[in-house]
Each structure stands twice: as C-alpha cells, then as structure tokens.
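# Observations on chain architecture
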Amino acid sequence: MRVICPSAALAIWFLSVAGTAAPAPKANPRERLETAITEAIRLLEAKDYPTVLKHCLAPDDLKAITEKIPLDEFAKQFGEGKADRLLKVLKSLKDVKPTLDKEGKTATFKLKEEADGKKTISWVKIGKYWYIQDK
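To keep things clear, this report deals only with the structure shown in the data block. Counting restarts for each chain, with residues numbered from 1 along the sequence as it is written. pLDDT decides what is reported in this predicted model: residues at 70 or higher carry local features, side-chain atom pairs at 80 or more are listed and counted, and totals for whole chains, interfaces and linings draw on all residues regardless. Excluded from the side-chain calculations are hydrogens and water; all other atoms, namely the structure's heavy atoms, are used.

### Structural notes on the pairing of strand β2 (residues 106-115)
We apply this condition: We call two strands paired when DSSP finds no fewer than two bridges between them. Starting at the N terminus, helices and strands are each numbered in turn, a helix being any DSSP run of H or I of at least four residues and a strand any DSSP run of E of at least two.
The sheet contact formed by strand β1 (residues 99-100) and β2 spans two bridges and is antiparallel. Across the sheet, the residue bridging to Leu100 is Ala107, located in β2. A loop of five residues connects β1 with β2, the two strands running antiparallel in sequence, and Gly104 in this loop sits at a positive phi of about 75°. Inspection of the sheet shows β2 paired to strand β3 (residues 118-126) by six bridges, in the antiparallel sense. Within β3, the residue paired with Lys110 across the bridge is Thr120. Connecting β2 to the antiparallel partner β3 that follows it, the hairpin turn spans two residues, and Asp116 within it adopts a positive phi of roughly 55°.

See the structure below:
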C-alpha cells in the first residue's frame, strides 16, 4: 500500500476542488450591440415574442404598453403583424456598420431596404443593455 504525505494529499485535494469550480457566468447577450441583435434574431426565429418584447423594447416603452394591454396579447399582435418584418430588418444588418452618437449609446443603422416607411433602425443603450429605439 502506498502512503501519500499529508501535504501532497492536500495539494491533490485542492487541485481537484479548483478544477470543479463553477464556470464564470456568461455575459448577457444584450450587453453588446452585436450579440443583442443576434439574440433578437434567435428569439424571433423561435417565435418567442414575449421574450423578444421584454428584451428588445426599452423598459419604459414596454411598461407604457403593458399598462394598456397584457404582454401576452401584445406579443400575439406583434407576432401577427411586425415580427416577420423585424426579423428581416435585423438579418439585413449583418454587414452594416452603425453610426454611433458621440456618447456611444445610440447606434443607428441605415437599412438596405425601407421597412414600414423607415430608412433606419436605432438601438439605444440604457444601463447595461441595448434596446431597439422606437421613433
């Protein structure tokens, strides 16, 4: 039988515990503009409209809307009327560089094709997250 000295046993134990430590939490995709857009596309393709609205509308805008209409009803209307167009617009941004305001908190993309009479789409950073700015 082999005997391991106490300090070696302690070192082995420490390494095994350190190797099983929980991974660092992933950053929320809404913290970066590029990943916010990618996440919005993913949610739209999954037809998860309530989450799209919660993640993409500025908190004050979402609150104002949901004070008048329940989120589920709003999400249903969004899915029937605007979701496909928004998905198409967001996918078209793939190779488009936005124009940032001087503070870097508003990013405006010029659309390749006009959508609903709009020639641009803007995202605004509020706190840590990026949201679609509804003008």
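Next, the rest of the story.
### Things to note about helix α3 (residues 49-56)
Here is the rule: Each residue's exposure class comes from its accessible area (1.4 Å probe, protein chains only) as a fraction of the maximum for that residue type: buried when under 20%, exposed when over 50%, partly exposed otherwise. Contacts were defined at the residue level, with two residues in contact if any of their heavy atoms lie within 4.5 Å.
Taken together, the buried positions of α3 are Tyr49, Thr51, Val52, Leu53 and Cys56. Considering only its buried residues, α3 is in contact with α2 (33-45), α4 (59-66), α5 (71-81), α6 (83-92), β3 and β4 (129-133).

### Some words on the pattern of salt bridges
Definition in use: Here a salt bridge means any side-chain nitrogen of Lys or Arg lying within 4 Å of a carboxyl oxygen belonging to Asp or Glu.
Taken as a whole, this structure holds five salt bridges when the rule is applied. The partner of Glu45 in a salt bridge is Lys91, and the shortest N-O contact between them spans 2.9 Å. Separated by 46 residues along the polypeptide, Glu45 in helix α2 and Lys91 in helix α6 bring together distant segments of the chain. The exposure class assigned to Lys91 is partly exposed, which follows from its relative accessible area of 43%.

### Considering the nonpolar core
Where we set the bar: We call a set of buried Ala, Val, Leu, Ile, Met, Phe, Trp, Tyr and Cys residues a nonpolar core when their side-chain atoms join them within 4.5 Å.
In terms of nonpolar packing, the biggest core is built from 32 residues, with Leu44, Leu90, Phe109, Ile121 and Trp123 touching the most fellow members. Counting only elements with at least two residues in this core, the list comes to α2, α3, α5, α6, β2, β3 and β4. Broken down by element, this core gets its largest block of residues, seven residues, from α2. If we ignore the near neighbours within four places in the chain, the residues touching Ile121 are Leu86, Val89, Leu90, Leu93, Ala107, Thr108, Phe109, Leu111 and Ile132.

Fair warning: the whole summary comes from geometry, so function is off the table for now.
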